[in-house]
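Here's the letter readout for the chains.
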Amino acid sequence: MPRVWSGAAVLVVVLALCLVLPQLYANQFLFFDLMVYLALAQGVNILYGFTGYLPFGYVGFFGTGAYGMSLAVLKLHLPPVPAVLAGGVAAVVLGLVLAPLLRLSGAYFAIASLAASQAVYYVVANPSLTGVTRGPYGISLARVYHPSQSYLVMVGVLGLTLAAVLYLRRSRRGMVLQAIRDDPQSAAMAGVNVVRERVLAWLASALIAGLVGGVFAWQISVFYPATVFDLSTSIMAIVFTLFGGTGTLLGPVLGVTVLFGLYNVIGVSEPQYFQLIYGALIVLLVLFLPGGAASLLKRRGIDVL
Amino acid sequence: MLVYALTAGVLFGLFYSLVGLGLNLVFGVLRMVNLAHGQFVMLGGFAAYLAYVRLGWHPLVTMVVAAALFLGIGYLLYPLFAPRLAASTDPEMISLVFFFGVAEMIQALAVIGFGNNQRSIYAPVFGAAPVRLLGERFPAAWVVSGGVSLLALLAVYLYLYRSRLGYATRAVMASREEALVSGLSVGRISALAFGIGLALAAAGGVLSPFLLGGVNPGVGVGLTMTAFAVVVLGSLGNPLGTVLGGLIYGVSLMLMQSYLSEWTNLLPYLLLLVVLLVRPSGLLGRGVRHA
Amino acid sequence: MRMRRLIGWRMAAGAALLGMGALVAGCGTSAAPTAKAPTQITVGTLYAGSGAFATSSLPEYQGLQFWAQQVNAKGGAFVKAYNKRIKVKIVAYNDQSSATTATTLYTQLITQNKVNLLVADFGSVLTSVAVPIAREHKTVLFDITGTGASFFTPNNKYIVLTSLPTSGVWPESLAGFLLHKGIKRVAILYLTNDFDQSQATTLASRLKAGGVTPVYDHGVPTSTSSYNVLIHAMAQSKPDAVIELGYPNNDIAFLQALASSGQHFNMVFTVFPGQLLSLLQKNVGAKGLAYTYTYPTPPLLAYNKVNYGLSLSQFTKAFQAQTHTGVNFLTIAGYNAGLVIQKTLDTAKSLRQSDLRQAVAGFSGKIFTLDGRFRINSEGAQVGETLPVGQLVPTTKGLQMVVVYPAKVKTGSSVYPAP
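**Focus on the overall build of chain C**
- Helix and strand content of chain C: 13 helices and 15 strands.
- Projected onto its principal axes, the C-alpha positions of chain C cover 70 × 50 × 40 Å.
- Every one of the 419 residues in chain C was classed for burial, and the buried ones make up 63%.
- Summarising the internal contacts of chain C: among those between residues at least 6 apart in sequence, 66% fall at separations of at least 24.

This is how it looks when you write it as structure tokens:
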């Protein structure tokens, strides 16, 4: 089977599962949250796996998307779906503003993006902007609350995200990006517009987080700034991605499914030792599987797409 | 008010310099990001609290003991994880995941062992009356903490720039590969650096209840993030830069509290962004590779 | 003692997530209430075992657990719908103070555990996400301390606030006290979150209406832990009264900083000594709290003339005997939520959520518990309880709470200015 078809098959299977599972197990939000992390992990993957930039402050785009969506509903009276798109656009605009950060590399970039996300958070939550963002009082979208619709839209956003990663895995653009990641100087000498390609990947990944944030806001509908700018969202998305293995389609899917799954299994069965068991598992997994979970499959000759 | 804010900022900033320095040293030598640094600081805070309440130890005594203890722990732990992580494709980044797990474990154990409640030490342990400095009155604990941080920073400076081992440490920081080739025992030097990093975290931690109003298992994440900001502000891998980064952080925070308190948390991050965009390698950076 | 609350299939269901597809096997075994009397009444709730809200959430959860044990010791709660006593079982998950995790877990309680009654976790942040879910699933949310004003709207009948009034109402008597005392120079320092800022806004506007403009009125981020420079900045405005509105950890840090700053103000007010006195005292000492003001809540306000549940002194004795931990406001609030649930079961004609809510409206204003009068308005917000102003006065027997305002609940006069 050509790889492009197996990739498409993975996409269809994941989406179909996301549609079917809530029918079998009624905790819909659990699957919604799972999709949020599946999409965010692929967003991190597009940036880190294909360009080598690790965005610690990825949640900045997520929160911006959530607020963009909410304000589009509350101030512009848009219906929810266009408002989610507005959330995506808001995140892209933020991405453009922050594009100069791409001049940094390694840990510098990681920290700078973290600082940027915190700066956005403190602006949004600031009491002097209560008239605009409702500041610390948070958002209530009771009027448009519709968890089953927002669930379907989330499936759509996840589909788009997976398709984007498939495209990068299969296209010349993806190869160009990875060439830049591995050796920017040679890529530039080979006539690649290094800056443009990086900025495009950055904006694509911002768009994903923005859309996801927008749908998330719609799904939970009542939230405080701290809920959507929670740094642990970034950290979890990054940890899931790195754990699964980057630069592939299946790696992050695997990482999210295993770690997010564990998180919830432990969370509902052993609430007291939740955090301890979770931390210990991560430590052990990383020590004994440092190449990410996808490396296990690769070693057995399974294509991780 | 200006003089007060500036002085308080310097005292407060020295504390963050101390906390940041440990993180920077570990990153510089091991090329690993210790995401659990703040949790080690938190443990230092609990050590100070327990030693004071149960054993009646003066925090400065606890500081010496805790630092020595953490130095040993770090030195012994290093061989258990570092070689395995180094074998992965991107150790710098996979270390993030590893230390995230460590941070979760430490925090969970702290909750189990100490409970969730805020613990603080009766401040007058450093002297009941405020200390006069530049014509203003400051809490004694702040002045002591500033002085102790300064001494600890000086000790690290002497170690790095005046001792043979420190010289070797800096060689590893400059280039791990070259250090390996030239026959330095990179493993031992790294283990020691990791130990010193934890020792500095513990030392800062002992001071933390006095500067942050107390300690609880949840303070680690925030401390790690602030320490990061301080380190990058000064430039990664440059110990002196971290001192400067801490001072800038402390002073800007206190100036904001005095004049524009609603925006307090924004300034340090904006400052960090501006510094990074104008001088990407940090204030005292020597220039990093850029394509 | 901990409730047994492990249900095997839950783990199976969660584990299925790992294999995604394997989930099919794990479901279909949950026990839905039948037309016959159920063998037990399930009360679902969340608690924060760690993180920012754990300090407050755990005592509240303990209070609720204590209530369940009390009820079960008598053979269960009387359920009018079946005209018999039925045992109560608490199903609880740990949300670790994360609102997103809480969202999953509230949904779990409703959709999987199909709990008969849903109780929110502590505080506004962790309650907020439950409000739309409860409404969507037409389940009444028994909200213990989530006092965000936005939760209570005319068309949402699925929320009942059992303990405190919404936070914007809290400072009414504080403003009254300041005006009554003729204190003209007031400094307000608050955290910029819903809970504290809504109080600050009310306080400032009441003071202004009384002709007093605060000399210092600033917010600081919720993560603030260093108050030294802020105290110094406030002192520059020469206030007579300093009002600090924070969360417990902020109040501790503030009082610590104040004690070592060498500054003295005629009046200092903080929120949490009135709710978590022993925690605060452990941290800042009796000296650090002497002559400070707060909103006293039970057990500092003693409601011993109750017509439902244990009185304060009975509760304190029984709770300490059983758990060997002290009583604070949040344990009382948790226990009180249990009492409201008990009364609901006692009067509702069926276990349908609409009947439960109707039952609550029916006894609203009629029961008086150790937490004061229980009365809700049509939106479900608590209006029966009031928060007076109290002062902690040092005596030979330790700190004594003296209620100083308003006049009808007053137990003594304030010591002003503070020595």
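**Focus: the overall build of chain B**
- Within chain B, the secondary structure is distributed over 11 helices and two strands.
- In sequence order, chain B lays out its α and β elements as α-α-α-α-β-β-α-α-α-α-α-α-α.
- Relative to its length of 291 residues, chain B is compact, with a C-alpha radius of gyration of 19 Å against a globular reference of 19 Å.
- If you line up chain B on its principal axes, its C-alpha atoms span 55 × 45 × 35 Å.
- Burial statistics for chain B: of 291 residues in total, 60% are counted as buried.
- Counting only contacts in chain B whose residues sit at least 6 apart along the sequence, the fraction spanning at least 24 positions is 78%.
- Element-wise, carbon and sulfur atoms account for 69% of the exposed surface of chain B, whose accessible area totals about 10700 Å².
- Considering chain B, the positive charge centre built from 14 side chains and the negative charge centre built from 7 side chains are found 11 Å apart.

**Examining the interface of chain C and chain A**
- Every contact between the two is made by 49 residues of chain C and, on the other side, 41 residues of chain A.
- Where chain C abuts chain A, roughly 4000 Å² becomes buried across the two surfaces, and 66% of that area is made up of carbon and sulfur atoms.
- Counting the contacts that link chain C with chain A gives zero salt bridges.
- Connecting chain C to chain A are six residue pairs in polar contact (both at pLDDT 80 or more).
- Secondary-structure elements contributing two or more residues to the side of chain C that touches chain A are helix H1 (8-19), strand S3 (84-94), helix H3 (99-112), helix H4 (123-128), helix H5 (130-136) and helix H7 (194-209) of chain C.
- Residues of the side of chain C that touches chain A, tallied by class, amount to 21 nonpolar, 22 polar and six charged.

**Side note on the environment of Arg119(B)**
Residues and elements named next belong to chain B.
- Inspection of the secondary structure assignment puts Arg119 in the loop between helix H4 (91-114) and strand S1 (131-133).
- Classification of Arg119 as buried rests on a relative accessible area of 14%.
- For the pair formed by Arg119 and Asn216, sequence separation is 97 residues and the distance between their alpha carbons is 6.3 Å.

**Overview of the packing of aromatic side chains**
- Using the criterion set out here, one finds 53 aromatic pairs over all chains in the structure.
- Seen in terms of ring centroids, Tyr121(A) and Tyr122(A) are 4.9 Å apart; in terms of plane orientation they differ by 35 degrees. Their pairing is tilted.
- By relative accessible area, Tyr121(A) is classed as buried at 17%.
- Taking the centre distance of 4.7 Å and the plane angle of 35 degrees together, the rings of Phe315(C) and Tyr335(C) count as tilted. With a gap of 20 residues between them, Phe315(C) in helix H11 (residues 312-323) and Tyr335(C) in helix H12 (residues 329-347) connect regions that are remote in the sequence. We note that Phe315(C), like Tyr335(C), is buried.

**Overview of the environment of Gln40(C)**
All names here are of chain C.
- Inspection of the secondary structure assignment puts Gln40 in strand S1 (residues 40-47).
- A residue is classified by how much of its surface remains accessible, and Gln40, at 32% relative accessible area, is partly exposed.
- Discounting residues that sit within four places of it in the chain, Gln40 has contacts with Ile86, Lys87, Lys89 and Asn116.

**A look at unusual backbone geometry**
- A cis geometry characterises the amide bond from Pro298(C) onward to Pro299(C), with omega recorded as 5 degrees.
- Structurally, Pro299(C) is set in the loop between strand S11 (293-294) and H11.

**Observations concerning the pattern of salt bridges**
- This model, assessed by the stated rule, comprises six salt bridges over all chains.
- The partner of Asp182(A) in a salt bridge is Arg181(A), with the nearest N and O atoms 3.2 Å apart.
- When its relative accessible area of 32% is taken as the criterion, Arg181(A) is described as partly exposed.
- Notably, a salt bridge pairs Lys349(C) with Asp355(C), separated by 3.7 Å at the nearest N-O pair.
- Judged by its relative accessible area of 7%, Asp355(C) falls in the buried class.
- Shared partners join several salt bridges into a network, and the residues in it are Arg173(A), Arg196(A) and Glu197(A).

**A word on the interface of chain B and chain A**
- Taken together, the contacts link 46 residues of chain B with 42 residues of chain A.
- Summed over both partners, the interface of chain B with chain A buries about 4200 Å², with 78% contributed by carbon and sulfur atoms.
- In this structure, the connection of chain B to chain A is made through zero salt bridges.
- On the surface where chain B and chain A come into contact, there are three residue pairs in polar contact (both at pLDDT 80 or more).
- The set of elements that each furnish at least two residues to the side of chain B that touches chain A consists of helix H3 (59-86), H4, helix H9 (220-234) and helix H11 (266-278) of chain B.
- A total of 15 residues in the side of chain B that touches chain A trace back to one element, the largest contributor, which is H4(B).
- Partitioned by chemical class, the residues of the side of chain B that touches chain A number 32 nonpolar, eight polar and six charged.

**Points about helix H1 (residues 2-30) of chain B**
Residues and elements named next belong to chain B.
- Here H1 is 29 residues long and its end C-alpha atoms lie 40 Å apart, about the 42 Å a rise of 1.5 Å per residue gives.
- Counted residue by residue, H1 has 25 buried out of 29 residues, so it is predominantly covered.
- Arg31 sits one or two residues past H1 and shows a positive phi near 55 degrees.

**Concerning the confidence of the model for chain B**
Residues and elements named next belong to chain B.
- On average, residues of chain B score 88 in pLDDT, and 97% of them reach the 70 mark or higher.
- Taken element by element, chain B is modelled with least confidence in H11, mean pLDDT 81, and with most confidence in helix H2 (residues 37-55), mean pLDDT 95.
- Counting interchain partners and residues more than four positions distant, the pLDDT-below-50 stretch residues 287-291 has 13 contacts.

**A few points about the pairing of S3(C)**
Residues and elements named next belong to chain C.
- A large share of S3 lies buried, amounting to eight of its 11 residues.
- Note that S1 and S3 share eight bridges and pair parallel. Looking at the pairing, Val43 lines up with Ile90 of S3.

**Thoughts on the packing of H1(B) against H9(B)**
Residues and elements named next belong to chain B.
- Orientation of H1 relative to H9, taken along the N-to-C sense of each, is 85 degrees, at an axis distance of 8 Å. One way to sum up the angle between H1 and H9 is to call them roughly perpendicular. Contact with H1, carried on its side by Tyr16, Val19, Gly20, Leu23 and Asn24, involves Leu223, Thr224, Thr226, Ala227, Phe228, Val230 and Val231 of H9 and no other residues of that element.
- Considering only residue class, the contact of H1 with H9 consists of eight nonpolar, four polar and no charged.

**A look at the pairing of strand S7 (residues 186-191) of chain C**
All names here are of chain C.
- Of all six residues that make up S7, six are buried, and the element is covered over most of its length.
- With five bridges joining them, S7 and strand S9 (residues 241-245) adopt parallel strand pairing. In the strand pairing of S9, Tyr190 is matched with Leu245.
- At this point the chain moves from S7, through H7, to the parallel strand S8 (residues 216-220), and the crossover so formed is right-handed.

**A closer look at the nonpolar core**
- Ranked by size, the top nonpolar core spans 354 residues in total, and within it Phe81(B), Trp67(C), Leu178(C), Ile243(C) and Met267(C) carry the most contacts.
- Composition of this core by domain shows at least three residues from each of domain 2 (33-167 + 303-374) and domain 3 (171-294 + 388-409) of chain C.
- In contact with Leu178(C), not counting residues within four places along its chain, are Ile183(C), Val186(C), Leu203(C), Leu207(C), Ala241(C), Ile243(C) and Met267(C).

**Comments concerning the environment of Arg279(B)**
Residues and elements named next belong to chain B.
- With respect to the element layout, Arg279 can be found in the segment after H11.
- Given the relative accessible area of 38%, Arg279 is considered partly exposed.
- Once the C-alpha coordinates of Arg279 and Phe138 are considered, the two residues, 141 residues apart in sequence, prove to be 34 Å apart.

Procedures and definitions
Residues numbered from 1 in each chain as written. Chains lettered and ligands numbered in written order. Predicted model: local features only at pLDDT ≥ 70, side-chain atom pairs only at ≥ 80, totals over all residues. Heavy atoms only, no water. Helix = DSSP H or I, 4+ residues; strand = E, 2+ residues; numbered from the N terminus. Buried < 20%, exposed > 50% of the residue type's maximum accessible area, 1.4 Å probe, protein only. Contact = heavy atoms within 4.5 Å. Rg over C-alpha atoms; globule rule 2.2 N^0.38 Å. Areas by Shrake-Rupley, 256 points an atom, 1.4 Å probe, with all protein chains shown as cover. Lys, Arg positive; Asp, Glu negative; His and termini not counted. Charge placed at Lys NZ, Arg CZ, Asp CG, Glu CD. Buried area = accessible area lost by both parts, 1.4 Å probe. Salt bridge = Lys/Arg side-chain N within 4 Å of Asp/Glu carboxyl O. Polar contact = N/O pair within 3.5 Å; in protein donor to acceptor, adjacent residues only side chain to side chain. Nonpolar A, V, L, I, M, F, W, Y, C, P; charged D, E, K, R; others polar. Phe/Tyr/Trp six-rings, centres within 6.5 Å; stacked < 30°, edge-to-face > 60°. Expected span 1.5 Å × (residues − 1). pLDDT = per-residue confidence, 0-100. Pairing = 2+ DSSP bridges. Axes fitted to C-alpha atoms, helices over the stretch in contact; angles between N-to-C directions. Parallel < 35°, antiparallel > 145°, perpendicular 65-115°, else oblique. Right-handed = clockwise from strand over helix to strand, strands pointing away. Core = buried A, V, L, I, M, F, W, Y, C linked by side-chain atoms within 4.5 Å. Domains from an automatic or database assignment.

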